[in-house]
Amino acid sequence: MLTLLISATTALLAASASLAQPGRTVPSFESWTVDCGNTGVCFASSYTRSQSVWVDLRIVRDWQAEAQPLVRLTTNSELPKEGTLQFAVDGTAIESLPIEQLREMQPAVKPPAGFRPLGGEGFWYPTGPATLTLLEAMRSGKELKIILPAVNGSDPVTVPVPLHGLKSSLLWLDNRQDRTGTVSAIVAPGTDPAKDAPHAVSLMSADQLPPEVAAVWSANRLCSEIDPTIFAGLNAVRVPFADGASLYIIPCGAPTAYNSPYVAILAGKEGAARQVHVARMSEKGPIATDLIYNAKWIPADQQLVSYFKGSGVGECGLWNRWVWNGTGLVLLEEAARTTCDGTEPDLSNWSSSWPLKKASN
(Lines give C-alpha, C1' and ligand atoms only; values in the text may rest on other atoms or scores of the structure.)
Protein backbone atom coordinates (compact mmCIF):
# COMPACT_ATOMS: atom_id res chain seq x y z
CA MET A 1 0.00 0.00 0.00
CA LEU A 2 2.75 2.42 0.99
CA THR A 3 4.79 1.46 -2.09
CA LEU A 4 1.82 2.29 -4.32
CA LEU A 5 1.33 5.58 -2.52
CA ILE A 6 4.95 6.58 -2.93
CA SER A 7 4.89 5.59 -6.62
CA ALA A 8 1.83 7.75 -7.15
CA THR A 9 3.51 10.54 -5.21
CA THR A 10 6.57 10.34 -7.46
CA ALA A 11 4.36 10.78 -10.51
CA LEU A 12 2.70 13.80 -8.93
CA LEU A 13 6.10 15.29 -8.15
CA ALA A 14 7.18 14.94 -11.75
CA ALA A 15 4.01 16.63 -12.95
CA SER A 16 4.60 19.58 -10.64
CA ALA A 17 8.01 20.60 -11.90
CA SER A 18 6.70 22.91 -14.62
CA LEU A 19 4.24 24.84 -12.43
CA ALA A 20 4.87 28.47 -11.44
CA GLN A 21 6.75 29.10 -8.20
CA PRO A 22 5.57 32.22 -6.32
CA GLY A 23 7.57 33.58 -3.40
CA ARG A 24 7.85 31.84 -0.05
CA THR A 25 6.93 34.97 1.88
CA VAL A 26 4.03 37.37 1.55
CA PRO A 27 4.83 40.59 -0.31
CA SER A 28 5.29 44.01 1.24
CA PHE A 29 4.98 47.49 -0.21
CA GLU A 30 7.08 50.11 1.59
CA SER A 31 5.83 50.00 5.21
CA TRP A 32 2.72 47.91 4.39
CA THR A 33 2.45 44.14 4.30
CA VAL A 34 -0.36 42.06 2.81
CA ASP A 35 -1.65 38.58 3.48
CA CYS A 36 -4.76 36.41 3.44
CA GLY A 37 -6.09 33.95 5.98
CA ASN A 38 -7.17 30.36 5.37
CA THR A 39 -10.75 31.42 4.62
CA GLY A 40 -9.80 34.01 2.00
CA VAL A 41 -10.15 37.05 4.26
CA CYS A 42 -7.34 39.42 3.22
CA PHE A 43 -5.72 42.43 4.82
CA ALA A 44 -3.10 45.14 4.42
CA SER A 45 -1.33 46.12 7.62
CA SER A 46 1.17 48.64 8.94
CA TYR A 47 2.92 48.22 12.28
CA THR A 48 4.33 51.48 13.59
CA ARG A 49 6.11 52.31 16.84
CA SER A 50 6.50 55.76 18.41
CA GLN A 51 8.76 55.52 21.45
CA SER A 52 7.11 52.89 23.72
CA VAL A 53 3.75 52.97 21.95
CA TRP A 54 2.92 50.85 18.91
CA VAL A 55 -0.13 50.66 16.68
CA ASP A 56 -1.13 47.97 14.21
CA LEU A 57 -3.45 49.34 11.55
CA ARG A 58 -5.20 46.85 9.28
CA ILE A 59 -7.53 47.17 6.33
CA VAL A 60 -9.51 43.94 6.28
CA ARG A 61 -11.95 42.53 3.75
CA ASP A 62 -13.79 39.22 3.84
CA TRP A 63 -14.39 36.97 0.81
CA GLN A 64 -18.15 37.44 0.36
CA ALA A 65 -19.20 39.51 -2.66
CA GLU A 66 -21.00 42.03 -0.46
CA ALA A 67 -18.15 42.33 2.07
CA GLN A 68 -17.02 45.89 2.67
CA PRO A 69 -13.49 46.90 3.76
CA LEU A 70 -13.05 47.29 7.49
CA VAL A 71 -10.38 49.20 9.39
CA ARG A 72 -8.96 47.72 12.58
CA LEU A 73 -6.67 49.58 15.00
CA THR A 74 -4.78 47.78 17.77
CA THR A 75 -2.39 49.41 20.22
CA ASN A 76 -0.42 48.50 23.32
CA SER A 77 -1.29 51.86 24.87
CA GLU A 78 -3.91 51.93 27.59
CA LEU A 79 -6.97 53.82 26.39
CA PRO A 80 -8.98 55.73 28.99
CA LYS A 81 -12.73 55.47 29.48
CA GLU A 82 -13.09 59.02 28.19
CA GLY A 83 -11.21 61.07 25.63
CA THR A 84 -11.03 60.99 21.85
CA LEU A 85 -9.13 59.01 19.26
CA GLN A 86 -8.16 61.28 16.37
CA PHE A 87 -7.17 60.59 12.77
CA ALA A 88 -5.54 63.11 10.45
CA VAL A 89 -4.01 62.77 6.97
CA ASP A 90 -1.32 65.26 5.92
CA GLY A 91 -2.48 67.69 8.61
CA THR A 92 -6.18 67.50 7.74
CA ALA A 93 -8.46 66.14 10.44
CA ILE A 94 -10.49 63.16 9.20
CA GLU A 95 -12.26 61.95 12.33
CA SER A 96 -12.41 62.49 16.07
CA LEU A 97 -13.96 59.51 17.84
CA PRO A 98 -15.01 59.56 21.50
CA ILE A 99 -13.58 56.44 23.17
CA GLU A 100 -16.84 55.70 24.97
CA GLN A 101 -18.81 55.88 21.70
CA LEU A 102 -16.20 53.74 19.94
CA ARG A 103 -16.52 51.03 22.57
CA GLU A 104 -20.31 51.07 22.34
CA MET A 105 -20.35 50.48 18.58
CA GLN A 106 -17.94 47.50 18.62
CA PRO A 107 -20.63 44.80 19.07
CA ALA A 108 -22.29 46.02 15.84
CA VAL A 109 -19.20 45.04 13.81
CA LYS A 110 -19.01 41.37 12.89
CA PRO A 111 -15.33 40.39 12.58
CA PRO A 112 -14.56 38.21 9.52
CA ALA A 113 -14.21 34.54 10.36
CA GLY A 114 -10.57 33.60 10.59
CA PHE A 115 -9.30 37.12 11.27
CA ARG A 116 -6.75 37.15 14.11
CA PRO A 117 -5.63 40.62 15.27
CA LEU A 118 -2.52 41.25 17.32
CA GLY A 119 -2.80 41.32 21.09
CA GLY A 120 -3.46 44.63 22.82
CA GLU A 121 -6.54 46.81 22.88
CA GLY A 122 -8.22 46.91 19.51
CA PHE A 123 -11.09 48.74 17.84
CA TRP A 124 -12.93 48.49 14.58
CA TYR A 125 -13.30 51.87 12.90
CA PRO A 126 -16.90 52.96 12.27
CA THR A 127 -18.06 51.03 9.22
CA GLY A 128 -19.70 52.18 5.99
CA PRO A 129 -19.20 55.76 4.71
CA ALA A 130 -16.84 56.64 7.57
CA THR A 131 -14.44 53.86 6.58
CA LEU A 132 -14.62 54.76 2.89
CA THR A 133 -13.87 58.41 3.70
CA LEU A 134 -10.82 57.43 5.74
CA LEU A 135 -9.54 55.05 3.06
CA GLU A 136 -9.94 57.65 0.32
CA ALA A 137 -7.94 60.18 2.33
CA MET A 138 -5.25 57.60 3.12
CA ARG A 139 -4.92 56.50 -0.51
CA SER A 140 -4.21 60.05 -1.67
CA GLY A 141 -2.10 61.08 1.34
CA LYS A 142 1.47 60.65 2.51
CA GLU A 143 1.08 60.25 6.26
CA LEU A 144 -1.68 59.28 8.64
CA LYS A 145 -1.42 60.54 12.20
CA ILE A 146 -3.23 58.61 14.92
CA ILE A 147 -3.55 60.67 18.09
CA LEU A 148 -4.15 58.52 21.16
CA PRO A 149 -5.84 60.25 24.12
CA ALA A 150 -3.99 61.16 27.29
CA VAL A 151 -3.88 58.66 30.15
CA ASN A 152 -3.60 59.64 33.84
CA GLY A 153 -2.62 63.22 33.12
CA SER A 154 0.01 62.40 30.49
CA ASP A 155 0.12 64.08 27.09
CA PRO A 156 -1.67 62.59 24.07
CA VAL A 157 0.55 60.34 21.96
CA THR A 158 0.81 60.88 18.22
CA VAL A 159 1.80 57.88 16.13
CA PRO A 160 2.63 58.66 12.46
CA VAL A 161 1.77 55.92 9.97
CA PRO A 162 3.48 56.25 6.56
CA LEU A 163 1.07 55.77 3.66
CA HIS A 164 3.63 55.05 0.93
CA GLY A 165 2.82 51.61 -0.45
CA LEU A 166 -0.78 51.60 0.76
CA LYS A 167 -2.28 51.96 -2.72
CA SER A 168 -0.19 49.06 -4.03
CA SER A 169 -1.25 47.00 -1.03
CA LEU A 170 -4.93 47.66 -1.67
CA LEU A 171 -4.48 46.83 -5.34
CA TRP A 172 -2.91 43.52 -4.27
CA LEU A 173 -6.00 42.85 -2.13
CA ASP A 174 -8.31 43.63 -5.07
CA ASN A 175 -6.36 41.31 -7.38
CA ARG A 176 -6.02 38.55 -4.80
CA GLN A 177 -9.76 38.52 -4.20
CA ASP A 178 -10.51 38.76 -7.93
CA ARG A 179 -12.29 42.11 -7.50
CA THR A 180 -10.36 44.40 -9.85
CA GLY A 181 -12.78 45.86 -12.39
CA THR A 182 -15.84 45.02 -10.27
CA VAL A 183 -18.02 47.41 -8.32
CA SER A 184 -16.47 46.13 -5.07
CA ALA A 185 -12.84 46.98 -5.90
CA ILE A 186 -11.15 49.50 -3.60
CA VAL A 187 -8.54 50.87 -6.01
CA ALA A 188 -9.75 50.21 -9.55
CA PRO A 189 -13.52 49.67 -9.52
CA GLY A 190 -15.40 48.89 -12.70
CA THR A 191 -18.88 48.00 -13.83
CA ASP A 192 -18.68 44.22 -13.41
CA PRO A 193 -20.86 42.87 -10.61
CA ALA A 194 -19.26 41.88 -7.33
CA LYS A 195 -18.66 38.19 -6.79
CA ASP A 196 -17.39 35.95 -4.03
CA ALA A 197 -13.61 35.86 -3.77
CA PRO A 198 -11.78 32.50 -3.74
CA HIS A 199 -12.51 31.19 -0.28
CA ALA A 200 -12.85 28.40 2.25
CA VAL A 201 -15.38 28.03 5.06
CA SER A 202 -14.21 28.53 8.64
CA LEU A 203 -14.63 25.60 11.04
CA MET A 204 -14.84 26.64 14.67
CA SER A 205 -15.69 23.26 16.17
CA ALA A 206 -15.21 19.56 15.48
CA ASP A 207 -19.00 19.32 15.75
CA GLN A 208 -19.15 20.92 12.28
CA LEU A 209 -17.45 17.91 10.70
CA PRO A 210 -19.73 15.53 8.75
CA PRO A 211 -19.91 12.04 10.30
CA GLU A 212 -17.74 10.49 7.57
CA VAL A 213 -15.04 13.14 8.03
CA ALA A 214 -15.26 12.95 11.82
CA ALA A 215 -14.77 9.16 11.62
CA VAL A 216 -11.52 9.53 9.64
CA TRP A 217 -10.35 12.30 11.96
CA SER A 218 -11.16 10.30 15.10
CA ALA A 219 -9.50 7.13 13.79
CA ASN A 220 -6.23 8.74 14.85
CA ARG A 221 -6.81 9.25 18.55
CA LEU A 222 -4.15 11.99 18.66
CA CYS A 223 -6.23 14.07 16.25
CA SER A 224 -9.41 14.06 18.30
CA GLU A 225 -7.59 14.68 21.58
CA ILE A 226 -7.82 18.46 21.35
CA ASP A 227 -9.60 20.95 23.57
CA PRO A 228 -12.60 22.55 21.77
CA THR A 229 -11.42 26.05 22.70
CA ILE A 230 -8.01 25.33 21.16
CA PHE A 231 -9.63 23.89 18.02
CA ALA A 232 -11.62 27.11 17.57
CA GLY A 233 -8.46 29.22 17.35
CA LEU A 234 -6.50 27.13 14.81
CA ASN A 235 -8.10 28.34 11.56
CA ALA A 236 -9.52 25.01 10.44
CA VAL A 237 -11.38 25.25 7.13
CA ARG A 238 -13.54 23.38 4.67
CA VAL A 239 -12.58 23.99 1.04
CA PRO A 240 -15.59 23.54 -1.27
CA PHE A 241 -14.96 22.36 -4.83
CA ALA A 242 -17.11 22.84 -7.91
CA ASP A 243 -17.85 19.11 -8.20
CA GLY A 244 -19.48 19.02 -4.76
CA ALA A 245 -16.50 17.53 -2.93
CA SER A 246 -14.78 19.30 -0.02
CA LEU A 247 -11.28 19.28 1.41
CA TYR A 248 -11.10 19.61 5.19
CA ILE A 249 -7.92 21.03 6.73
CA ILE A 250 -8.22 20.40 10.45
CA PRO A 251 -6.00 20.25 13.55
CA CYS A 252 -4.62 16.89 14.61
CA GLY A 253 -3.97 17.14 18.33
CA ALA A 254 -2.98 20.01 20.57
CA PRO A 255 -0.27 22.41 19.35
CA THR A 256 3.24 22.39 20.78
CA ALA A 257 5.23 25.50 21.66
CA TYR A 258 5.97 26.41 18.01
CA ASN A 259 3.98 24.05 15.81
CA SER A 260 0.39 22.94 15.26
CA PRO A 261 -0.16 19.67 13.37
CA TYR A 262 -3.00 19.32 10.84
CA VAL A 263 -4.41 16.66 8.55
CA ALA A 264 -6.23 16.96 5.23
CA ILE A 265 -9.37 14.89 4.62
CA LEU A 266 -11.27 14.74 1.33
CA ALA A 267 -15.02 14.23 1.40
CA GLY A 268 -16.56 13.27 -1.95
CA LYS A 269 -19.88 14.63 -3.15
CA GLU A 270 -21.49 11.34 -2.10
CA GLY A 271 -20.10 11.75 1.42
CA ALA A 272 -17.34 9.12 1.50
CA ALA A 273 -14.18 10.48 3.15
CA ARG A 274 -10.49 9.61 3.05
CA GLN A 275 -7.33 11.09 4.44
CA VAL A 276 -5.11 12.89 1.95
CA HIS A 277 -1.41 12.13 2.23
CA VAL A 278 1.21 14.62 1.12
CA ALA A 279 4.68 14.18 -0.34
CA ARG A 280 7.94 15.31 1.21
CA MET A 281 11.51 14.82 0.13
CA SER A 282 14.14 12.75 1.88
CA GLU A 283 17.74 11.90 1.04
CA LYS A 284 16.48 8.79 -0.75
CA GLY A 285 13.60 10.46 -2.60
CA PRO A 286 9.94 11.32 -1.99
CA ILE A 287 8.11 10.00 1.04
CA ALA A 288 4.46 10.20 2.07
CA THR A 289 3.36 11.77 5.35
CA ASP A 290 0.08 12.53 7.10
CA LEU A 291 0.89 15.65 9.09
CA ILE A 292 0.99 19.23 7.84
CA TYR A 293 2.44 21.72 10.32
CA ASN A 294 1.09 25.24 10.82
CA ALA A 295 -1.11 24.68 7.77
CA LYS A 296 -1.93 27.69 5.63
CA TRP A 297 -4.48 27.35 2.83
CA ILE A 298 -4.25 29.82 -0.07
CA PRO A 299 -7.73 29.91 -1.68
CA ALA A 300 -6.72 32.01 -4.70
CA ASP A 301 -4.18 29.40 -5.83
CA GLN A 302 -5.69 26.30 -4.19
CA GLN A 303 -2.35 25.75 -2.52
CA LEU A 304 -1.43 24.48 0.94
CA VAL A 305 1.68 25.57 2.84
CA SER A 306 3.37 23.87 5.79
CA TYR A 307 5.94 25.69 7.92
CA PHE A 308 7.52 23.51 10.60
CA LYS A 309 9.49 25.77 12.93
CA GLY A 310 12.65 24.43 14.49
CA SER A 311 12.62 27.27 17.03
CA GLY A 312 10.29 29.94 18.31
CA VAL A 313 11.88 32.51 16.00
CA GLY A 314 11.26 30.33 12.95
CA GLU A 315 14.68 30.90 11.37
CA CYS A 316 15.14 27.15 10.96
CA GLY A 317 12.90 24.24 10.08
CA LEU A 318 11.09 22.86 7.05
CA TRP A 319 8.78 24.61 4.58
CA ASN A 320 6.55 22.89 1.98
CA ARG A 321 4.02 24.02 -0.58
CA TRP A 322 1.51 21.80 -2.37
CA VAL A 323 -1.21 22.47 -4.94
CA TRP A 324 -4.57 20.73 -5.26
CA ASN A 325 -4.86 18.98 -8.63
CA GLY A 326 -8.39 17.59 -8.29
CA THR A 327 -7.53 14.37 -6.52
CA GLY A 328 -4.55 15.10 -4.29
CA LEU A 329 -1.95 17.59 -3.13
CA VAL A 330 1.07 17.86 -5.44
CA LEU A 331 4.39 18.97 -3.98
CA LEU A 332 5.49 22.19 -5.67
CA GLU A 333 8.34 23.27 -3.46
CA GLU A 334 10.27 22.29 -0.34
CA ALA A 335 12.97 24.23 1.50
CA ALA A 336 14.82 23.76 4.77
CA ARG A 337 17.30 25.43 7.08
CA THR A 338 19.03 23.38 9.77
CA THR A 339 20.93 26.19 11.51
CA CYS A 340 19.00 27.64 14.45
CA ASP A 341 20.93 30.80 15.34
CA GLY A 342 18.24 33.27 16.35
CA THR A 343 18.53 35.40 13.20
CA GLU A 344 15.56 37.00 11.46
CA PRO A 345 13.70 34.36 9.42
CA ASP A 346 14.29 34.67 5.67
CA LEU A 347 12.71 31.74 3.87
CA SER A 348 13.80 33.08 0.49
CA ASN A 349 17.37 32.01 1.36
CA TRP A 350 16.52 28.53 2.62
CA SER A 351 18.03 25.62 0.70
CA SER A 352 15.65 23.97 -1.75
CA SER A 353 15.21 20.20 -1.68
CA TRP A 354 12.46 20.39 -4.33
CA PRO A 355 12.41 21.06 -7.23
CA LEU A 356 15.74 19.31 -7.59
CA LYS A 357 18.47 21.37 -9.22
CA LYS A 358 19.68 20.05 -12.56
CA ALA A 359 23.28 18.94 -12.59
CA SER A 360 25.55 21.16 -14.67
CA ASN A 361 27.12 19.64 -17.78
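Residues take numbers from 1 onward in each chain, read along the sequence in its written order. pLDDT decides what is reported in this predicted model: residues at 70 or higher carry local features, side-chain atom pairs at 80 or more are listed and counted, and totals for whole chains, interfaces and linings draw on all residues regardless. Excluded from the side-chain calculations are hydrogens and water; all other atoms, namely the structure's heavy atoms, are used.

Caption draft 1: Spatial organisation of the pattern of salt bridges. Just to be clear on terms, a salt bridge is a Lys or Arg side-chain nitrogen sitting within 4 Å of an Asp or Glu carboxyl oxygen. Taken as a whole and assessed by the stated rule, the structure comprises nine salt bridges. Taking the shortest distance from any N to any O, the salt bridge between arginine 139 and glutamate 136 comes out at 3.4 Å. Of this pair, arginine 139 and glutamate 136 both sit in helix H3 (residues 129-140), three residues apart, which is roughly one turn of the helix. With its nearest N and O atoms 2.9 Å apart, the salt bridge here joins lysine 195 to aspartate 178. Runs of E in the DSSP output that reach at least two residues are strands. Runs of H or I that reach at least four are helices, and both are numbered from the N terminus.

Caption draft 2: Representation of the sheet that holds strand E6 (residues 84-89) in the model. Within the open sheet, the four strands sit side by side as E7-E6-E9-E10. Their pairing is antiparallel. Looking at strand neighbours, the two that pair on one side only are strand E7 (92-98) and strand E10 (157-162), the edges of this open sheet. Each neighbouring strand pair of the sheet contributes to a mean axis angle of 15 degrees, computed without reference to strand direction. Should DSSP find at least two bridges between two strands, the strands are regarded as paired. With six bridges joining them, strand E9 (residues 143-148) and E10 adopt antiparallel strand pairing. Across the sheet, residue isoleucine 146 finds its bridge partner in E10, namely valine 159. Between N-to-C directions, angles span 0 to 180 degrees; the directions come from axes that are lines fitted to C-alpha atoms, helices contributing only their stretch in contact.

Caption draft 3: Fine view of the pairing of strand E14 (residues 261-267). Relative accessibility decides the category of a residue: with a 1.4 Å probe and only protein chains considered, values under 20% of the type maximum give buried, values over 50% give exposed, and everything between is partly exposed. Most of E14 is tucked away, with seven of its seven residues classed as buried. With burial as the criterion, each face of E14 is covered, one bearing Pro261, Val263, Ile265 and Ala267 and the other bearing Tyr262, Ala264 and Leu266. Inspection of the sheet shows strand E13 (residues 246-251) paired to E14 by six bridges, in the antiparallel sense. Its bridge partner being in E14, leucine 247 is matched across the sheet by leucine 266. Summarising the sheet, E14 and strand E18 (residues 292-293) pair through two bridges and their orientation is antiparallel.

Caption draft 4: Region of interest: the sheet that holds strand E4 (residues 53-61). The sheet built from six strands is open, its strands ordered E1-E2-E3-E4-E5-E8 with antiparallel pairing. Looking at the sheet topology across the chains shown, the edges are occupied by strand E1 (28-29) and strand E8 (121-124). Any two residues having at least one pair of non-hydrogen atoms within 4.5 Å are treated as being in contact. Set on the sheet, helix H4 (residues 166-176) makes contact with E1, strand E2 (32-36), strand E3 (42-50) and E4; between it and E2 the angle comes to about 10 degrees.

Caption draft 5: Quick look at the pairing of E9. Every second residue of E9 is oriented toward a common face, the buried set being Leu144, Ile146 and Leu148 and the non-buried set Glu143, Lys145 and Ile147. Both E6 and E9 contribute to a ladder of four bridges, which runs antiparallel. Its bridge partner being in E9, phenylalanine 87 is matched across the sheet by isoleucine 146.

Caption draft 6: Looking closely at empty space enclosed by the protein. Put simply, the grid is 1 Å and covers the protein atoms alone, a cavity is a trapped set of points that fit a 1.4 Å probe, a pocket is an open set with protein on both sides within 12 Å along at least five of seven lines, and lining residues have an atom within 4 Å of a point. Grid points are joined across faces, edges and corners, and a volume is the space filled by probe spheres set on the points. Under the criterion given, the structure shown has two cavities of 30 Å³ or more. Of the voids in this model, the largest cavity is the one considered here, and its volume is about 50 Å³. Three classes are used: nonpolar for Ala, Val, Leu, Ile, Met, Phe, Trp, Tyr, Cys and Pro, charged for Asp, Glu, Lys and Arg, and polar for all others, with Gly counted as polar. Here the lining of the largest cavity is composed, by residue class, of seven nonpolar, two polar and one charged. Of the volumes computed, that of the second largest cavity is approximately 50 Å³. Listing elements by their share of the lining of the second largest cavity, those giving two or more residues are strand E5 (70-75), E6 and E8. Per-element accounting of the lining of the second largest cavity gives the leading share, three residues, to E5. Across the lining of the second largest cavity, the residue classes break down as ten nonpolar, no polar and one charged.

Caption draft 7: Summary view of the environment of valine 157. Looking at the element boundaries, valine 157 is found in strand E10. In this structure the C-alpha to C-alpha distance between valine 157 and glycine 141, which are 16 residues apart in sequence, comes to 21 Å. Excluding residues within four positions of it along the chain, valine 157 makes contact with Val53, Ile146, Ile147 and Leu148.

Caption draft 8: Spatial organisation of the layout of surface pockets. In this structure, the largest pocket spans a volume of roughly 1,500 Å³. Taken together, 44 residues form the lining of the largest pocket, with Val26, Asp35, Cys36, Phe43 and Lys296 sitting closest to its centre. Taken as a whole, the second largest pocket spans an internal volume of roughly 280 Å³. What lines the second largest pocket is a set of 13 residues, among which Asp62, Gln64, Ala67, Lys110 and Pro112 lie closest to the centre. Looking at the lining of the second largest pocket residue by residue, the class counts come to six nonpolar, three polar and four charged.

Caption draft 9: The side chain of serine 246, seen in detail. With respect to the helices and strands, serine 246 occurs in strand E13. On the basis of relative accessible area, serine 246 is assigned to the buried category, the value being 7%. Pairs of N or O atoms are called polar contacts if they sit within 3.5 Å, as long as, within protein, a hydrogen donor faces a hydrogen acceptor (for residues adjacent in sequence, only side-chain-to-side-chain pairs). Here the side chain of serine 246 touches arginine 238 through a polar contact of 3.0 Å, side chain to side chain. When neighbours within four sequence positions are excluded, serine 246 is seen to be in contact with Arg238, Val239, Pro240, Phe241, Ile265, Leu266 and Ala267.

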